[in-house]
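# Summary of structural features
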Amino acid sequence: MKFIRSKIIGHGHYTPKKVLTNDDMAKIVDTNDEWITTRTGIKSRCVVEEEVNSDLSFHAAEMALKTAKISAQDINLIVLATITPDNTTPATAIRVGQKLGVKSGTPAFDLSAACSGFVYALTMADNMIRLGQVKTALVIGAETLSKVTDWTDRNTCVLFGDGAGAVVLQAVEENGTNQDIGILSTKIFADGNNYDHLKTTGGVSTTQTTGFITMDGKEVFKAAIGCLAQAAEEAAQIAGINVKDIDWLLPHQANIRIIDGVGKKLELPEEKVIVNIAPHGNTSAASIPLALSEKITDGTIKKGDLIILTAMGAGFTWGGAVIRL
Ligand code: ACO
């Protein structure tokens, strides 16, 4: 019997040209390279100048279409995970579709799940593909976090960066086993009891401003390793695979100590854990697709590799996915 899976047929990434190193940050707030590096693993971050979210998304999407060897006209759905859209409405996904030149009528929407946004977006697109509603989907994670960063707050401003990553998913017929190519499972979670631990100080409905990111770093840290490990383990269980059999764990890039902690909790050797936080910082919804595309591009992640994605962010939200590339 035929079994529809979503296969990743293209990948793309883009970061703005302007780079702020830790030494640059030390000129903005009372901090230093040693503190930032040892506590977070971050060495620099990219920040937008004139560009907006849809520009970053467009470049990442353009590369994804190119590597997929398809045209924008072949896209049947755009899902864009972000907490930093161009406008409150319409959705930035619609602007990206317009810039790419997708067919009129192609559905497009934004999805807000903070740092778990890409895993959530992948889940939505995968489900629509497996239901037969769309054949080819563009899934983007993109952020301009520099626009919701309080540049006077050293507790947060050193952590975040701007960027975008994208994948093209396409329906393929597989056997329905754990040996299939494509997305083998997804699992998403949320718990509003942690709403206040990580949030912006404002919003459309409360202050009519976007506000700035604030967080209780210790509370986030405490919860993060458990959430990331749980999402990875549950996604593996649904896919019918063993965590120890994967080629790569690709965790949300929030903090090197969180990444190391989840690798240890899952008893994975360091070499199997993808880390690219040093040049980017935490790019929220962009972090996973940015790392995925960079590591496919440089040849680290190869066709046929078995990968677990795992993410956690404001809400809290968290989620995992198992993919055979
Ligand atoms: N430079 C220098 N000193 C700093 C800085 C900085 N940029 N930021 C804070 N400090 C100071 C603090 O003021 C404090 O000083 P004090 O003791 O005089 O009050 C001291 O450093 C220690 O601060 P702590 O908060 O105890 O530092 P901690 O070891 O907890 O590290 C950090 C802070 C890195 C934020 C950590 O809590 C963390 O990683 N939390 C996870 C949060 C995270 O990654 N969030 C990203 C978004 S959430 C997500 O993506 C899942």
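Residues numbered from 1 in each chain as written. Predicted model: local features only at pLDDT ≥ 70, side-chain atom pairs only at ≥ 80, totals over all residues. Heavy atoms only, no water.

### A word on the packing of helix α7 (residues 217-239) against helix α8 (residues 256-265)
As a reminder, the rule being used: To get an axis, fit a line to the C-alpha atoms, keeping to the stretch in contact for a helix; angles then go from 0 to 180 degrees between the N-to-C directions. For the purposes of this entry, the term helix denotes a DSSP run of H or I that reaches at least four residues, the term strand denotes a run of E that reaches at least two, and both are numbered from the N terminus. Orientation is classified from the angle alone, with under 35 degrees giving roughly parallel, over 145 giving roughly antiparallel, 65 to 115 giving roughly perpendicular, and any other angle giving oblique. Crossings are classed by handedness, with left-handed meaning an anticlockwise turn of the near helix from the far one by less than a right angle and right-handed meaning a clockwise turn. Between two residues, a contact is recorded if the distance between any of their heavy atoms is within 4.5 Å. Under the scheme applied, nonpolar residues are Ala, Val, Leu, Ile, Met, Phe, Trp, Tyr, Cys and Pro; charged residues are Asp, Glu, Lys and Arg; polar residues are all the others, including Gly.
Relative to each other, α7 and α8 sit at 40 degrees, their axes nearing to 9 Å. The angle between α7 and α8 falls in the class oblique. Between α7 and α8 the crossing geometry is right-handed. Every residue of α8 that contacts α7 at Phe221, Ala224, Ile225, Gly226, Leu228 and Ala229 is listed here: Arg257, Ile258, Gly261, Val262 and Lys265. Tallied by class, the residues present in the contact of α7 with α8 amount to seven nonpolar, two polar and two charged.

### Overview of the site of the ligand
The criterion, for reference: By convention in this text, a residue qualifies as near a molecule or strand provided that one of its non-hydrogen atoms is within 4 Å of it. The term polar contact refers here to a pair of N or O atoms within 3.5 Å; inside protein, the definition further demands a hydrogen-donor-capable atom paired with an acceptor-capable atom, and it admits residues adjacent in sequence only when both atoms are side-chain atoms. Note: domain ranges come from an automatic or database domain assignment.
Within the structure, the ligand sits among 23 residues, and Thr31, Arg39, Lys218, Asn255 and Asn282 are positioned closest to it. With respect to the ligand, the side chain of Thr31 contributes an N or O atom lying 2.6 Å from a nitrogen atom. One nitrogen or oxygen atom from the main chain of Arg154 is found 2.9 Å from a nitrogen atom belonging to the ligand. Within the residue set of the shell around the ligand, elements represented by two or more residues are α2 (33-40), α6 (154-157), α7 and α8. Per-element accounting of the shell around the ligand gives the leading share, four residues, to α7. Taken together, the residues that form the shell around the ligand break down as eleven nonpolar, seven polar and five charged. Residue-level mapping places the shell around the ligand at the junction of two domains, with at least three residues from each of domain 1 (3-174) and domain 2 (182-324).

### Observations concerning the domain arrangement of the protein chain
One frequently used descriptor of interface size is the decrease in accessible area upon assembly of the parts. What counts, and what does not: Here the quantity called buried area is the total loss of accessible area, with a 1.4 Å probe, experienced by two parts when brought into contact, counted for both. Just to be clear on terms, a salt bridge is a Lys or Arg side-chain nitrogen sitting within 4 Å of an Asp or Glu carboxyl oxygen.
Examined at the domain level, the protein chain breaks down into domain 1 (3-174) and domain 2 (182-324). Counting residues at the interface gives 55 residues for domain 1 and 47 residues for domain 2. Roughly 3,900 Å² of surface becomes buried between domain 1 and domain 2 when both sides are summed, with 67% attributable to carbon and sulfur atoms. At the boundary of domain 1 and domain 2, one finds zero salt bridges. Counting the contacts that link domain 1 with domain 2 gives 22 residue pairs in polar contact (both at pLDDT 80 or more). Taken together, the elements giving at least two residues each to the side of domain 1 that touches domain 2 come down to β1 (3-14), α2, β3 (44-46), α5 (117-130), β6 (136-144), α6 and β7 (162-174). Split into classes, the residues belonging to the side of domain 1 that touches domain 2 amount to 24 nonpolar, 21 polar and ten charged.

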